[in-house]
Amino acid sequence: MAAADPNAAPAPPNDSTNHGLRVVVAWFVLSAIATPLVAIFVGHQIPPGNASAQGSEQVFDNTWMLSVITPVICLLVVFFVYGLGAFRATSDAVVDGPPLRNDSRIQVLWIVGTSVIVLFLAGFGTYELLQNGAGGGQGPHPIAVPSGSKFQVQVVAQQWQFTYRYPSLGGLESNQLYLPADTDVELHVTSLDAIHSFWAYELGVKADANPGVDNVVFVKTKGPGTFHVRCAELCGLWHAYMFNNGHVVDSGQFQAWAAKQQKLYAAIKPFMDKPESEGGAPYSKTYFPAPERRAG
Amino acid sequence: MTEAAIAPPPPLWRRLIGFNLLTGIVLGIGGWYVGWYGAHAIAGPSIEYFGDTDYNELSVYLAYIGGVVGFLAGLGFLNYPFARLRGYPPSLREKETGGWTRYFGLCTDHKVVGIQYLWGIGLFFFIGGLNAMLIRTEQLSPHSQSFPMGTYLTIVGMHGTMMMGMMTSGILGPFANYLVPIMIGARRMAFPRIEALTFWLLMAAGAILTTTIFFGGFPTGWTGYAPLQTEANAGMDNYILFFALVGISVTLLGLNMIATILTMRAPGLTWTRLPIFVWGVLSTAVLMVLAAPVLVAVLAMGALDRTAQTSFFNAAAGGSSYLYENLFWVFGHPEVYILALPGFAIVLELLPVFSRKPLWGYRLAVAGLLGVSLLSWFVWQHHLFVSGINGDLRPFYMLSTELISIPTGFTFLCGMMTLWRGSIRFTVPMLFCLAWFFNFLIGGLSGVFLSDVPSDVTTHGSFFSMAHFHYTIMGGLVFTFFAAIYYWLPKMTGWELNERLGKIHFWTMFVFFNSTFAPLFAAGFLGQSRRAPVYTGNLKFLNDWVSISAFLLGISMLVFLYNLVRSVAFVKKPAEANPWASRSIEFQLPSPVPVHNFDRIPVFSSDPYGYGEGPAPKWVVPAGAPAGRE
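Residues numbered from 1 in each chain as written. Chains lettered and ligands numbered in written order. Predicted model: local features only at pLDDT ≥ 70, side-chain atom pairs only at ≥ 80, totals over all residues.

A.B. asks: Please set out the overall build of chain A residue by residue, giving values where relevant.
C.D. replies: The number of helices and strands found in chain A is four helices and ten strands. Along chain A, helices and strands appear, N-terminal first, in the series α-α-α-β-β-β-β-β-β-β-β-β-β-α. A burial count over chain A gives 41% of its 296 residues as buried. Partitioning the contacts of chain A with sequence separation of at least 6, the portion at a separation of at least 24 is 71%. (Helix = DSSP H or I, 4+ residues; strand = E, 2+ residues; numbered from the N terminus. Buried ≥ 20, exposed ≤ 12 C-beta atoms within 10 Å, placed from the backbone. Contact = placed C-beta atoms within 7 Å.)

See the structure below:
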């Protein structure tokens, strides 16, 4: 680090100031002040927010990373503010500085420091990821699976809209996304044409929709609320208009919504594939890829 | 050495007839039509073209391939192989004298090619920049207002593709071609004719991408993701041809650099005496040679899907959209380090000059460059964290992505320790180098968020990632590109640039660059999706702020353009041979550098960073030194 031990280098004749000590002290002071402030006042404000367990986890994760990088920023700020002032050329004449070529102690300190930070971040991120999948698409064979029963919804993306299919409601299909509150939800994201990406912003969910691929993502909803859904992968002409709102509602409202949708759906149901309860596949065969076609 | 006999130059009209750019354009257009009608003879009846979208794709490919062949033939690239076939003796050099016309044709002088690259890339950089201005015009409003949707996507795609494709050679094209032979004490590149070919291929590619507007543009952005690529209209073929030609050009450029650096170093120039810029060029060139062919291959597959109805990427017929994504990013991630590494090298090359100290930790700096170059091969799937591909490999890619910040940190350490206790002069190139530290710090640390899977879930595909790579590429590459221009252009052209205008350019660019891209981190976190002209109303203020900053950033580029044209075309104040008091060898030569660089091949006895270590070595050794091969 910049914690240079100035005695290690031949000091120029007119400068015996301990610049290294000054920088290190200023860095410690600034970091000690800035890091808690950032962690407490900035971290929790980073989106996506607390509408789901996964969203909260991302906020927690972001808070940690911000806290780790704050001292790094402080070091660079202190170094450059101090260094560019203290080491600027004082006259127009070109004067050489001291020929310091190396100091292996600083190198070792720096390498160890950056390695520790990097390994910590990677370990921390892996731990957080394996908790509950962090809201990211995990492909057909998810490795971070929450225990317990899950409410399943299939998300079918096409140019340029999302269709939602509810196996537990007899294969009901709708262009509205309603999810029950305080529930583990298992979303199966697929596409009928180009690559799309299902992004439920407030829930902290993003999963690419690839044709012929079943991309599974888990999210645990919290209290009732509304969230934005939009496509996050350029999918052609009307990509920008590929959005709608989703709703997290309590179970009574959800039943009412489901009953209403089923009434609407009854008219076209005879033309759709049979639901699982009547011997059909869990998802519409039209949409759900055969296992051998699964990627991953 | 074959100095041309002094003879009166022929009149201008005579010089215009022959193998040059003019002939190249004429034959290029001719070749285009030959290809077009040839393809119709093969693949179907002749159909009306402009205005008709129902023609076959093959005609577009063959037309442009014919055009490129005609263009190169007109420039004279076929003369040499034909001359050899007919038994004439080989000539390594071509058109190295002859006034300004040598800039408009095949010229094998590496210094001419470097300047050709600078103007050629500058032209397309300007077009790409204008596209950015149009994007920001559209983003002034949360609704789609300025352009039709397809036009907007074409503008976005052209901006991204132009910048990524052209700036791949942004440093190596102009500066490495010009400087590497001088820095290593050679008189030419290893393959001078291939050197010229890389430049003219790039220009042909640029023309192809620009003419995509005649074929309806393309809707995919610079990544060209496949199922959408396969279904897109004919403008997509221009994208494929552009990137494939860039890939070929870049591969050849890299090969040439590697061969030159490995084989043509002057006596005494050991690996530990090599200027760090040459190390940066070498590590970049290795990436170029290995990565760019993958791009050419994946685009060839895309072209086959579009013309011959193969199904590499068609899931319904057994292909996979993942295949495209995977192959593209196998190229694509080394590609971003192809863009970033020369920037590292320029910073490390310039800091010793302006802080009057040796480069600190030379070996660590080299290790940093090579480490980034190596690790960049193991990170590409972080672009696919939420795609559902290899879900169980995400921890590995998270680790490898974060590991790459360790060798990047070497560059920071070496740069910072070079400044330490120095005697820092805030010249224009130095200011751009110092800005690199700021920009790349922000770019790198925002990359930490993107490399972390839980955080990436929200930031992926949003304006956050867009701001991140603009900080690394514009903040990392374009800033150092300008540092290199202000530092080396007086040497290259022999004319001084105005320092006051340079400082105005720097400060406006630095301020408005940050004012443009820093708010986009917030916009991304707040949920603004990339490449969409429509966004939620709460983001309007941020976007208006960004747009106005972007326009001012555009104006700061005009300040540079004014400075350049004014200094080079009107004021013409001759530059000193060594305006920066640099110990690097190129500044020991007169400005501009003579055609054959050195009278005698220099003998190196140290690296060029010995500031404060006694008098500068005498680079150009008098009698007794090897005369050098031609």
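A.B. asks: Which residues make up the overall build of chain B, and what are the values?
C.D. replies: The helix and strand inventory of chain B stands at 20 helices and zero strands. Relative to the 2.2 N^0.38 estimate, which gives 25 Å for 630 residues, the radius of gyration of chain B is 25 Å and therefore close to what a compact globule would have. Contacts in chain B between residues at least 24 apart in sequence constitute 82% of all its contacts with a sequence separation of at least 6. (Rg over C-alpha atoms; globule rule 2.2 N^0.38 Å.)

A.B. asks: Hey, could you go over helix α6 (residues 149-167) of chain B for me, with residue numbers and the actual values?
C.D. replies: Along an α-helix, a turn takes 3.6 residues, which lines up residues three or four apart on a common side. The end-to-end C-alpha distance of α6 of chain B is 27 Å, a good match for the 27 Å that 19 residues give at a rise of 1.5 Å each. By the criterion of burial, α6 of chain B is predominantly enclosed, with 16 of the 19 residues buried. (Expected span 1.5 Å × (residues − 1).)

A.B. asks: Explain the domain arrangement of chain A residue by residue, including any values.
C.D. replies: Residue and element names in this part refer to chain A. If you check the domain split of chain A, you get domain 1 (6-87 + 104-135) and domain 2 (151-293). Counting residues at the interface gives twelve residues for domain 1 and 14 residues for domain 2. Looking at the side of domain 1 that touches domain 2 element by element, the count peaks at four residues for helix α2 (residues 53-86). Split by residue class, the side of domain 1 that touches domain 2 holds three nonpolar, nine polar and no charged. (Domains from an automatic or database assignment. Nonpolar A, V, L, I, M, F, W, Y, C, P; charged D, E, K, R; others polar.)

A.B. asks: Lay out the sheet that holds strand β10 (residues 243-249) of chain A in plain terms, naming residues and giving numbers.
C.D. replies: All names here are of chain A. The strand order β4-β10-β9-β6-β7 describes an open sheet built from five strands, whose pairing is mixed. Both edges of this open sheet fall to β4 (177-180) and β7 (205-209), since each of them pairs with a single strand only. Ignoring which end each strand starts from, the neighbouring axes of this sheet average 20° apart. Strand direction decides the pairing type here: strand β6 (residues 196-200) and strand β9 (residues 225-231), joined by three bridges, are antiparallel. If you follow phenylalanine 198 over to β9, its bridge partner there is cysteine 231. Contacting β4 and β10, helix α4 (residues 251-266) runs over the sheet at an angle of about 140° to β4. (Pairing = 2+ DSSP bridges. Axes fitted to C-alpha atoms, helices over the stretch in contact; angles between N-to-C directions.)

A.B. asks: Mind laying out α2 of chain A, listing which residues take part and the relevant values?
C.D. replies: When the terminal C-alpha atoms of α2 of chain A are compared, their 49 Å separation across 34 residues agrees well with the 50 Å that a helix rising 1.5 Å per residue should span. The principal kink in α2 of chain A, of about 25°, is found at isoleucine 69 of chain A, preceding the proline proline 71 of chain A by one to four residues. (Bend = angle between axes of the 7 residues up to and from the residue.)

A.B. asks: Explain the interface of chain A and chain B residue by residue, including any values.
C.D. replies: With 81 residues of chain A at the contact, the number on the chain B side is 73 residues. Secondary-structure elements contributing two or more residues to the side of chain A that touches chain B are α2, α3 (104-132), β7 and β9 of chain A. Per-element accounting of the side of chain A that touches chain B gives the leading share, 13 residues, to α2 of chain A. In terms of residue class, the side of chain A that touches chain B is made up of 44 nonpolar, 26 polar and eleven charged.

A.B. asks: Can you tell me about the nonpolar core, naming the residues and giving the values?
C.D. replies: If you look at the biggest cluster of nonpolar residues, it comprises 273 residues, and the most contacted ones within it are Leu245, Val281 and Phe432 of chain B. Apart from the residues lying within four places of it in its own chain, the contact partners of leucine 245 of chain B are Val68, Leu201, Ala204, Ala205 and Ile208 of chain B. (Core = buried A, V, L, I, M, F, W, Y, C linked by C-beta atoms within 7 Å.)

A.B. asks: Quick one: what's the story with the domain arrangement of chain B, residue by residue and with numbers?
C.D. replies: Residues and elements named next belong to chain B. The domain boundaries assigned to chain B delineate domain 1 (15-89 + 101-106) and domain 2 (107-588). Contacts between domain 1 and domain 2 engage 17 residues on the former and 21 residues on the latter. No other element matches the nine residues that helix α3 (residues 57-75) contributes to the side of domain 1 that touches domain 2. Here the residues of the side of domain 1 that touches domain 2 sort into 13 nonpolar, two polar and two charged.

A.B. asks: Hey, could you go over the pairing of strand β8 (residues 215-220) of chain A for me, with residue numbers and the actual values?
C.D. replies: All names here are of chain A. Among the six residues of β8, six are classified as buried, and the element is accordingly described as predominantly covered. Note: strand β5 (residues 184-191) against β8, six bridges, orientation antiparallel. In the strand pairing of β8, leucine 187 is matched with valine 217.

A.B. asks: Can you tell me about the packing of helix α13 (residues 362-375) of chain B against helix α15 (residues 405-419) of chain B, naming the residues and giving the values?
C.D. replies: Residues and elements named next belong to chain B. Where α13 meets α15, the closest approach of the two axes is 7 Å, and the angle between their N-to-C directions is 155°. It follows from the interaxial angle that α13 and α15 lie roughly antiparallel. Note that α13 runs across α15; the crossing there is left-handed. In this structure, α13 uses Leu364, Ala365, Ala367, Gly368, Gly371, Val372 and Leu375 to contact α15, whose residues at the interface are Pro407, Thr408, Phe410, Thr411, Leu413 and Cys414. For the contact of α13 with α15, the per-class residue count stands at nine nonpolar, four polar and no charged. (Parallel < 35°, antiparallel > 145°, perpendicular 65-115°, else oblique. Left-handed = near helix turned anticlockwise from the far one by under 90°.)

A.B. asks: Which residues make up the confidence of the model for chain A, and what values go with them?
C.D. replies: Residues and elements named next belong to chain A. In this model, chain A carries a mean pLDDT of 85, and residues with pLDDT of at least 70 account for 86%. Below a pLDDT of 50 lies the segment residues 1-11, which in the model reaches 28 contacts outside its immediate sequence neighbourhood of four places, other chains included. Low pLDDT (under 50) marks residues 284-296, which in the prediction has 35 contacts with non-local residues, meaning those over four places away or in another chain. (pLDDT = per-residue confidence, 0-100.)

A.B. asks: Describe unusual backbone geometry, and please don't skip the residues or the numbers.
C.D. replies: In this chain, glutamine 159 of chain A is followed by tryptophan 160 of chain A through a cis amide linkage whose omega measures 0°. In this fold, tryptophan 160 of chain A is placed in the loop between β1 (151-158) and β2 (161-166). Geometrically, the link from serine 591 of chain B to proline 592 of chain B is a cis peptide bond, its omega value of -15° lying close to zero. By the secondary structure assignment, proline 592 of chain B is in the segment after α20 (540-571).

A.B. asks: Break down the confidence of the model for chain B for me, with residues and values.
C.D. replies: All names here are of chain B. Looking at chain B, pLDDT values average 90 and 93% of them are 70 or higher. Per-element confidence in chain B is highest for α13, whose mean pLDDT is 96, and lowest for helix α1 (residues 12-16), whose mean pLDDT is 74. Of the regions scoring below 50 in pLDDT, residues 46-53 engages in ten contacts with residues more than four places distant in sequence or in other chains. Our summary of model confidence lists the complex with pTM equal to 0.91 and ipTM equal to 0.89.

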